[in-house]
Every structure is written in structure tokens, then in C-alpha cells.
Amino acid sequence: MRRPTPAEHELQEALRAAQRGDAHGFAQLWRTLQPAVLRYLRVVIGDQAEDAASETWLHVIRDLDRFDGDLAAFRGWLFRIARHRAIDLRRHRRSFPWPGADLVAPDAATVAFERGSTDWAVGLIATLPADQAEAVMLRIVAGLDVATTAQILGKRPGAIRIATMRGLRRLATHPQVNARITREPAGEV
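Nothing here was measured: the structure is a model prediction, and the numbers come from that model. Each chain has its residues counted from 1, running along the sequence as written. Since the coordinates come from a predicted model, pLDDT governs what is reported: local features require at least 70, and pairs of side-chain atoms require 80 or more to be given and counted, while whole-chain, interface and lining totals use all residues. Excluding hydrogens and water, the side-chain figures rest on all heavy atoms present in the structure.

Chemist: How do you make sense of the side chain of Gln-19 when you look at a structure like this?
Modeler: A helix here means a DSSP run of H or I that spans at least four residues, while a strand means a run of E at least two residues long, and both kinds are numbered starting from the N terminus. By the element assignment, Gln-19 lies in helix 1 (residues 6-19). Nitrogen and oxygen atoms within 3.5 Å of one another constitute a polar contact, given that in protein one can donate a hydrogen and the other can accept it, and given that sequence-neighbouring residues count only through two side-chain atoms. In terms of polar contacts, Gln-19 uses its side chain to reach the side chain of Arg-16, at 2.5 Å. From its side chain, Gln-19 meets the backbone oxygen of Phe-67 in a polar contact 2.6 Å long. In what follows, residue pairs with any heavy atoms lying within 4.5 Å of each other are defined as contacts. What Gln-19 contacts, discounting residues up to four positions off in sequence, is Leu-64, Asp-65 and Phe-67.

Below you can see the structure in the form of C-alpha cells.
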């Protein structure tokens, strides 16, 4: 079993503090994990990612004192909640479509995010089949292990390994990836 890095140790301490009601501990968890949650949700639910992320963290705040586990278990729990919030929002959107939702102007932060290379990569991952996209986001981007990813997605670990491998292979041969690699100098991707 590998030893946690100093950053992981600090985050584990932040988790324990947040469970005791410490706002600084919770803020550290949010600052560290929110970007990965948001990227995952952008792949899963697109433009409703911020709503799903907000609902995810509200759920975490509500139930954090009852959570029992280490940092790895917390990450799994967090992404499982995020996935369920995304599914709920997707169902709600189908039940109650909002005419003109695409006419709302994006805020400056959203525009800046969408223009960055992170958005390019997340957008590219979103073109994968859903099972591959979720596996790649949870395993590679969020850094979850196979067992936790399998629990979140309700699949067997072997299926997660295969979906991740197929997704990465598909990305490696994608024309946009090859074009970007040949256009950009090393270190600027």
C-alpha cells in the first residue's frame, strides 16, 4: 500500500476538520476537488455542470457529518453524488424543458474556461461514447481508482479498465489530438 503524499495528508486533515464543522477544512476540500468535479460534470451533462456541481456540494454539506471513510472513499462518495445529481438534472430537463435556455449569455468565467485548453480536452473526451467518457474522466482526470470508479458507474472493474483503455486509445488516434500535437511546441498543451 502506498503512503499518502503531503498534499493528500493535508486534504485528509481538511476532510476530518470539515466533518467537525470547520469551514476552512470544507473550503480546502472544495478548492481542491471542485475543478475535477466540474470537468467530470461538463462531460456528463454539458452546460448544466455548474448546477449539478452546486447541488453536489450542497448534498455533501448536508451529509458530511455522517460520512465515514478516508480521503479515497470521500472522493468516490463525492463523484457518486455528482453523477446522481447529473442524472437527476438530465431527467428534470427532459420533463420540464425550458424554452430559450440557449439564449442566456454566459458569464465571463464560463467564457474564459471554454476558451482554454482544459475545455478543449474536456470537449474532446465528451465526444467519446458515454461509458468511455465517464471512465476516462473518473480514472484519469479525477484520479479515482478502478474499484471506486466501478462502484460509481455500477460496473465491474474489468469493464472500467476496458472502457478507460478504449477511450484513451480513441483519443490518441483522434484527428484533433494529432493536429494539436503537431501544431504546438512541447510543453504548451
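Chemist: What exactly am I supposed to notice about the packing of aromatic side chains here?
Modeler: For any two aromatic rings, the description comes down to two numbers: the centre-to-centre distance and the angle of the planes. Within 6.5 Å between ring centres, the rings of Phe, Tyr and Trp (the latter by its six-membered ring) count as paired, and their orientation is classed by plane angle as stacked under 30 degrees, edge-to-face over 60, tilted in between. Scanning the model with the defined rule gives five aromatic pairs in all. Summarising the aromatic geometry, the rings of Phe-67 and Phe-74 are spaced 5.7 Å apart at their centres and angled 80 degrees between planes, so their arrangement reads as edge-to-face. For the exposure calls, accessible area comes from a 1.4 Å probe over protein chains only, and a residue counts as buried if that area is under 20% of its type's maximum, exposed if over 50%, partly exposed in between. For Phe-67, a relative accessible area of 12% corresponds to the buried category. By relative accessible area, which is 0% here, Phe-74 ends up buried. Put simply, the rings of Phe-67, Phe-74 and Trp-77 pair up and form one aromatic cluster.

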